[in-house]
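# Residue-level structural notes
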Protein chains: 2
Amino acid sequence: METIEQVLESKNIRVTAMRMLIYKFLVEKEVAVTLSDIENAFEKADRTTLYRTIKTFEEKDIVHQIDDGTGITKYALCEKGCNCEIETDLHLHFHCNNCNETICLTDHKIPQIKVPDGFVSENVNLVVKGICDKCSG
Amino acid sequence: METIEQVLESKNIRVTAMRMLIYKFLVEKEVAVTLSDIENAFEKADRTTLYRTIKTFEEKDIVHQIDDGTGITKYALCEKGCNCEIETDLHLHFHCNNCNETICLTDHKIPQIKVPDGFVSENVNLVVKGICDKCSG
DNA sequence: TAGTAAGTGCAATGGAAGTGCATTTGTTAT
DNA sequence: ATAACAAATGCACTTCCATTGCACTTACTA
């Protein structure tokens with residue numbers, strides 16, 4: 001089992017208390033979070049720090065950004081099976097219309113999408129909306 | 001050939017000069033537009049009016065909203081083959097990373113997406129990013 | 001044609017994203 | 001150990017888009 005320090009170091013991210021806390025928070029949260037979520041969880045910390053920390057994590061490919069259509073950017077840890085650095089790693093996201101949470105369905109790859117002649121596909125964003133397992137129960 | 005008045009009336013939208021102009025603008029634009037695009041086209045009109053006009057069009061299903069991941073909401077006319085009122089009408093959108101325009105690929109339906117047990121899919125948003133036909137030429 | 005409902009314009013607010021700069025903290029070399 | 005440097009953090013501020021309240025105008029309806 002890797003420690004948080006090891007994870008950060010392996011990605012060339014300098015280890016700080018703040019970063020460890022935020023990483024831990026992301027691990028414990030199983031859904032994608034907004035910047036506000038993080039803000040609420042760390043009220044003592046500055047918004048900018050949280051913002052830049054997430055951006056750092058993103059650059060170093062330990063979190064990926066999700067645009068689930070709510071208009072607010074969400075972030076989730078890149079876990080087992082998520083290779084965000086590879087453009088073609090395209091798992092889909094599920095947004096629950098009831099609890100408003102967004103979940104990475106890492107196992108569910110996006111099928112090949114055909115585009116018309118002349119169009120070149122570089123990237124695909126797919127968000128399924130509906131009711132999640134917890135809410136449909 | 002339906003006139004603009006007829007289109008609006010058939011959707012129970014009261015006909016005003018402003019609405020006709022905006023509708024005409026949307027018809028002529030073949031790509032999805034932002035509120036700012038409309039604003040620039042109608043500098044004499046108020047932002048709020050344009051905003052609410054688009055919202056009205058959206059409610060009455062003559063326009064649909066597109067979230068192409070640029071962070072700015074775009075709108076496009078629901079044309080032939082687009083049945084936004086039906087949740088399962090799911091054509092995809094293409095966003096060009098070069099010219100920054102977003103196009104409805106009305107003919108391209110989204111394939112059936114499987115979700116895990118317990119999840120209920122109600123809606124799917126799919127945006128393909130890449131280079132459009134005009135830019136790849 | 002008067003009355004009412006809807007549409008429009010102006011002003012202001014709110015939320016999220018992003019930036020500049022000063023300060024603090026951490027790393028490295030001496 | 002500590003000086004010097006680089007990176008991280010906190011504060012203040014800005015910008016941009018979305019949205020709302022209210023007053024005024026326009027269009028339908030009895």
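Residues numbered from 1 in each chain as written. Chains lettered and ligands numbered in written order. Predicted model: local features only at pLDDT ≥ 70, side-chain atom pairs only at ≥ 80, totals over all residues. Heavy atoms only, no water.

Our working definition: UniProt positions are given in the numbering used here, feature names are shortened, and annotations may be inferred rather than shown by experiment.
An unreviewed UniProt entry lists chain A under the name Transcriptional repressor, with Winogradskyella endarachnes given as the organism. Of chain A, the UniProt comment under Sequence similarities (unreviewed entry) reads exactly: "Belongs to the Fur family."

## Some words on the relation of the copies chain A and chain B
Two copies of one chain are present, and they are related through a rotation about an axis combined with an axial shift. Note the cut-off: The superposition of copies rests on a least-squares fit of C-alpha positions from residues with pLDDT of 70 or more in both. Whether two residues are in contact is decided by their heavy atoms: any pair within 4.5 Å suffices.
The transform that puts chain A on chain B rotates by 178 degrees and translates by 0.0 Å along the axis, for an RMSD of 0.3 Å. Such a turn and shift between the copies fits a two-fold axis. For chain A, the residue whose C-alpha comes nearest the rotation axis is A:L126, separated from it by 2.2 Å. A share of 100% of interface residues in chain A that are also interface residues in chain B marks the association as one of identical surfaces.

## Re the protein's contact with DNA strand D
Convention followed: In this text, near means that some heavy atom of the residue lies within 4 Å of the molecule or strand in question. Residues adjacent in sequence count toward polar contacts only when both atoms are side-chain atoms; beyond that, a polar contact is any pair of N or O atoms within 3.5 Å, and within protein one must be able to donate a hydrogen and the other to accept it. Every helix listed is a DSSP run of H or I at least four residues long, and every strand listed is a run of E at least two residues long, numbered separately from the N terminus. When residues are grouped by polarity, Ala, Val, Leu, Ile, Met, Phe, Trp, Tyr, Cys and Pro land in nonpolar, Asp, Glu, Lys and Arg in charged, and all others, Gly among them, in polar.
In the neighbourhood of DNA strand D, 17 residues make up the surrounding shell, with A:R14, A:R19, A:T49, A:R52 and B:Y51 lying closest. Of all atoms in DNA strand D that approach within 4 Å of the protein, 69% are sugar or phosphate atoms. A distance of 3.5 Å separates a base oxygen of DNA strand D from a polar side-chain atom of B:T48. Within the residue set of the surface near DNA strand D, elements represented by two or more residues are α2 (17-28) and α4 (47-59) of chain A together with α4 (47-59) of chain B. Here the element with the most residues in the surface near DNA strand D is α4(B); it accounts for five residues. Taken together, the residues of the surface near DNA strand D break down into three nonpolar, six polar and eight charged.

## Topic: the UniProt feature "binding site: Zn(2+)" (unreviewed entry) in chain A
Our working definition: Each residue gets one of three labels from its accessible area relative to the maximum for its type: buried under 20%, exposed over 50%, partly exposed in between, using a 1.4 Å probe on protein chains only.
In the UniProt entry, the feature "binding site: Zn(2+)" (unreviewed entry) is given for A:C96, A:C99, A:C132 and A:C135. The largest pairwise C-alpha distance within this set of annotated residues, which runs over 40 residues, is 8.2 Å, so the set is compact in three dimensions. Mapped onto the fold, A:C96 is located in strand β4 (residues 91-96). Aside from chain neighbours lying at most four places away, what touches A:C96 is A:E101, A:G130, A:I131, A:C132 and A:C135. Looking at where A:C132 falls in the secondary structure, it is placed in the loop between β6 (120-131) and α5 (133-136). Residue classification places A:C132 among the buried residues on the basis of a relative accessible area of 3%. Non-local contacts of A:C132, meaning those with residues more than four positions away in its chain, are made with A:F94, A:C96, A:C99, A:I103, B:G118 and B:F119.

## Digging into the pattern of salt bridges
Residues and elements named next belong to chain A. Note the threshold: By convention in these notes, a salt bridge is any Lys or Arg side-chain nitrogen within 4 Å of a carboxyl oxygen on Asp or Glu.
Under the definition given, this model contains eight salt bridges over all chains. Here E28 ties to K24 by a salt bridge, and the two come within 3.2 Å at their closest N and O atoms. Taken together, the residues E28 and K24, both in helix α2 and four residues apart, mark about one turn of the helix. Residue K24 is classed as partly exposed on the basis of its relative accessible area of 43%.

## Here we look at the interface of chain A and chain B
The criterion, for reference: Two parts lose some accessible area (1.4 Å probe) when they are put together, and adding that loss for both gives the buried area. For two strands to be treated as a pair, DSSP must find at least two bridges joining them.
Counting from both sides, the interface comprises 32 residues of chain A and, opposite them, 32 residues of chain B. With both sides pooled, the region where chain A packs onto chain B buries about 2500 Å², and carbon together with sulfur makes up 64% of that total. Taken together, chain A and chain B are joined by zero salt bridges. At the boundary of chain A with chain B, the tally comes to 14 residue pairs in polar contact (both at pLDDT 80 or more). At the level of elements, β4, β5 (102-109), β6 and α5 of chain A are the ones that each hand at least two residues to the side of chain A that touches chain B. Per-element accounting of the side of chain A that touches chain B gives the leading share, 12 residues, to β6(A). Residues belonging to the side of chain A that touches chain B are distributed by class as follows: 16 nonpolar, nine polar and seven charged. Taken together, the 11 bridges between β6(A) and strand β6 (residues 120-131) of chain B define a ladder with antiparallel strand orientation. Considered in β6(B), the bridge of A:N125 is made with B:V127.

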